[in-house]
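Next come the chains, spelled out residue by residue.
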Amino acid sequence: MITYYDDRSVQVTSTAVRVDGRTFPLAEISMVWHRRGSRSWRVLAGRGAIGAAMAGPLVAAALGLALAIRLGRSPTVTIAIVGASVLVGLAVGPVADFLFEHLDRSYARGSRQLELWARWRGQPVRLLSTRDALRFGQIYRAVQRAVEQGQPTPAGRTPARGRRG
């Protein structure tokens, strides 16, 4: 038995697909497809907030520099305002790494509800529904490979494994 994917709620092997305790033998699955739901505006708003948080210190630094130049105060006050603005701008560095990590995770999770469907015993059955795009892609590809490997090949032909040449 070959295991194509395995986590706490989904297991895809060369014999069956198990999802949340339900088992679907591969011999009874004839077709696999997926559906994408509508975008989650909450996720998109969160990404926008992360972008604004990254731009905020830079905008504050630029405004501080403009203020220092526009005020025309003594050199000591101007240098203090410029110095504070530069420090605010430099604060972006450590914070940006943290924010970019959250933004990257947001894209890995995805912004849509994704569903994995199969024709099982002649009836369409939803195997999985999740917003985690990375996990969904891994499971979907594992089910596809398992179904492809489990299908018999026509007599006298070997299954295609790739091009040679």
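As shown above, the structure is provided for reference.
The structure displayed is predicted, hence computed values, not measured ones.

Visitor: Requested: an account of the sheet that holds strand β4 (residues 22–25), with residues and values cited.
Guide: Taken together, 4 strands build an open sheet; the order of strands is β1-β2-β3-β4 and the sheet is antiparallel. The sheet is open, and its two edges are formed by β1 (3–6) and β4, each paired on a single side. Averaged over all pairs of adjacent strands, the angle between strand axes in this sheet comes to 10 degrees, irrespective of strand direction. Pairing between β1 and strand β2 (residues 10–13): 3 bridges, direction antiparallel.

Visitor: Can you explain the pattern of salt bridges? Please cite residues and give values.
Guide: Tallying each qualifying case throughout the model produces 4 salt bridges. A salt bridge links R121 to E28, with the nearest nitrogen and oxygen atoms 2.9 Å apart. Taken together, the residues span a long stretch of sequence, with R121 in the loop between β6 (112–120) and β7 (123–130) and E28 in the loop between β4 and β5 (29–39) at a distance of 93 residues. In this structure, the salt-bridge partner of R126 is E115, at a minimum N-O distance of 3.3 Å. Taken together, the positions of R126 in strand β7 and E115 in strand β6 put the pair 11 residues apart, joining distant regions of the chain. Taking the relative accessible area as the measure of exposure, R126 reaches 44% and is therefore partly exposed. Look at E115 and you get buried, because its relative accessible area is 18%.

Visitor: Any chance you could break down the packing of aromatic side chains for me, citing the residues and the numbers?
Guide: The tally for this structure, following the rule as stated, stands at 3 aromatic pairs. Considering the side-chain rings of F24 and W120, the 4.9 Å spacing of their centres and the 85 degrees angle between planes classify their relative orientation as edge-to-face. A residue pair is termed long-range when its members are at least 10 positions apart, and F24 in strand β4 and W120 in strand β6 qualify at 96 residues. An identical accessibility class is assigned to F24 and W120; each is buried. Ring geometry for F136 against Y140: centres 5.9 Å apart, planes inclined by 5 degrees, an arrangement best described as stacked. With F136 and Y140 both in helix α4 (residues 133–150), this residue pair falls 4 residues apart, about one helical turn. On the basis of relative accessibility, which here comes to 5%, the residue F136 falls in the buried class.

How each quantity is defined
- Residues numbered from 1 in each chain as written.
- Predicted model: local features only at pLDDT ≥ 70, side-chain atom pairs only at ≥ 80, totals over all residues.
- Heavy atoms only, no water.
- Pairing = 2+ DSSP bridges.
- Helix = DSSP H or I, 4+ residues; strand = E, 2+ residues; numbered from the N terminus.
- Axes fitted to C-alpha atoms, helices over the stretch in contact; angles between N-to-C directions.
- Salt bridge = Lys/Arg side-chain N within 4 Å of Asp/Glu carboxyl O.
- Buried < 20%, exposed > 50% of the residue type's maximum accessible area, 1.4 Å probe, protein only.
- Phe/Tyr/Trp six-rings, centres within 6.5 Å; stacked < 30°, edge-to-face > 60°.

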